[in-house]
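# Architecture and fold: a report
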Amino acid sequence: MSKLRYIPLHTETTVQLKTLIAQHENQPGALLPLLHAVQAKFGYIPSDVVAPIARALNLSRAEVHGVVTYYHHFHEHKPGKHVIQICLAEACQSCGSEALLKQAETELGCTVHSTRADQAVTLEAVYCLGLCASSPAMQVGERLFGRMDNQKLRSLLNQLELSA
Ligand code: FES
């Protein structure tokens, strides 16, 4: 009987991370592009990549962690299948984005800054998507949506088949 070869995920992650670091470490301002590459590869920024990135870029772990937590774009935990971001910055707030966020929480059965138990969706509040002239704005995955209202939001969630 042949033995199954067990490769712990963290070992594979380490190999992939080393490749990403090698691709970015010599470029000026490497931290942000490297974090983008890590998130593109893993879907989020696993906590165990912070120390090796800090060592490679001659930064403190606090500096790397600070950047990861400062930018809402970066996820510290594996996100759901769909990531929904609703803008709560000034222009969108003045056009009703807080009410949209509440509606999304209710319809999705998911509180802001969390992932629903079935991993179908992560709901985030963000602060400016660069679509201020079309407030209130939101983003689903890579797609931006402007001039949102309750009906458009409901229709969008129905299209994604995300109702709780
Ligand atoms: S304030 Fe919402 S997109 Fe800029």
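Conventions adopted
Residues numbered from 1 in each chain as written. Predicted model: local features only at pLDDT ≥ 70, side-chain atom pairs only at ≥ 80, totals over all residues. Heavy atoms only, no water. Helix = DSSP H or I, 4+ residues; strand = E, 2+ residues; numbered from the N terminus. Buried < 20%, exposed > 50% of the residue type's maximum accessible area, 1.4 Å probe, protein only. Contact = heavy atoms within 4.5 Å. Areas by Shrake-Rupley, 256 points an atom, 1.4 Å probe, with all protein chains shown as cover. Lys, Arg positive; Asp, Glu negative; His and termini not counted. Charge placed at Lys NZ, Arg CZ, Asp CG, Glu CD. Pairing = 2+ DSSP bridges. Domains from an automatic or database assignment. Arc of directions from axis to C-beta. Phe/Tyr/Trp six-rings, centres within 6.5 Å; stacked < 30°, edge-to-face > 60°. UniProt positions renumbered as here; feature names shortened; annotations may be inferred. 1 Å grid on protein atoms, 1.4 Å probe; cavity = no way out; pocket = protein on both sides within 12 Å on 5 of 7 lines; lining within 4 Å. Points joined across faces, edges and corners; volume = space filled by probe spheres on them.

Secondary structure summary: the protein contains 7 helices and 5 strands in total. Taken from N to C terminus, the helices and strands of the protein fall in the order α-α-α-α-β-α-α-β-β-β-β-α. Oriented by its inertia axes, the alpha-carbon framework of the protein measures out at about 55 × 50 × 20 Å. A buried classification covers 41% of the 164 residues belonging to the protein. Across the protein, every contact between residues at least 6 apart in sequence was considered, and the portion connecting residues at least 24 apart equals 56%. Accessible surface for the protein amounts to roughly 10,000 Å². Of this, 53% is attributable to carbon and sulfur atoms. Seen as two clouds, the 14 positive and the 14 negative side-chain charges of the protein have centres 8 Å apart.

Working definition: the strands of a sheet are paired by backbone hydrogen bonds and lie parallel or antiparallel to each other. Within the open sheet, the 5 strands sit side by side as E2-E3-E1-E4-E5. Their pairing is mixed. Edge positions in the sheet fall to strand E2 (114-115) and strand E5 (143-145), since each has one partner strand and no second. In this structure, strand E1 (residues 82-87) lies alongside strand E4 (residues 138-140), joined through 3 bridges in antiparallel fashion. Each bridged residue has a counterpart across the sheet, and for glutamine 85 the counterpart in E4 is glutamine 139.

A common measure of how large an interface is: the accessible area buried when the components associate. Along its sequence, the protein is carved into domain 1 (9-70) and domain 2 (82-159). With centres defined by C-alpha atoms, the gap from domain 1 to domain 2 works out at 28 Å.

With that settled, the discussion passes to helix H3 (residues 50-57). Listing the buried residues of H3 in full gives Val50, Ile53, Ala54 and Leu57. One side of H3 holds all its buried residues, which, seen down the axis, span an arc of 100°.

Moving on, we get to the packing of aromatic side chains. Using the criterion set out here, one finds 2 aromatic pairs in the structure. Taking the centre distance of 5.0 Å and the plane angle of 90° together, the rings of tyrosine 70 and tyrosine 71 count as edge-to-face. Looking at tyrosine 70, the relative accessible area reads 59%, which means it is exposed. What makes tyrosine 71 partly exposed here is its relative accessible area of 35%. Pairing tyrosine 71 with phenylalanine 74 gives two aromatic rings, centres 6.2 Å apart and planes at 90°, and the pair type is edge-to-face. Under the relative-accessibility criterion, phenylalanine 74 is labelled buried at 7%.

UniProt's feature table lists "binding site: [2Fe-2S] cluster" (unreviewed entry) at Cys87, Cys92, Cys128 and Cys132, given in the numbering used throughout. Spanning 46 residues, the named residues nonetheless gather at one spot, since no C-alpha pair among them exceeds 9.3 Å. Checked against the lining of the largest pocket, the annotated residues just named reduce to Cys128. With respect to the helices and strands, cysteine 92 occurs in helix H5 (residues 90-94). For cysteine 92, a relative accessible area of 3% translates into the label buried. Those residues in contact with cysteine 92, other than ones at most four positions away along the chain, are Cys87, Ser97, Ser135, Pro136 and Ala137.

Moving on: the side chain of glutamine 103. By secondary structure assignment, the location of glutamine 103 is in helix H6 (residues 97-108). Classification of glutamine 103 by relative accessible area gives buried; the value is 9%. In contact with glutamine 103, other than residues within four places in its own chain, are Asn150, Leu153 and Arg154.

Here we take up the layout of surface pockets. Taken as a whole, the largest pocket holds about 400 Å³ of empty space. Lining the largest pocket are 18 residues, and of these His73, His75, Gln85, Gln139 and Gly141 lie nearest its centre. Those elements that provide at least two residues to the lining of the largest pocket are E1 and E4. Considering every element that reaches the lining of the largest pocket, the biggest residue donor is E1, with 3 residues.

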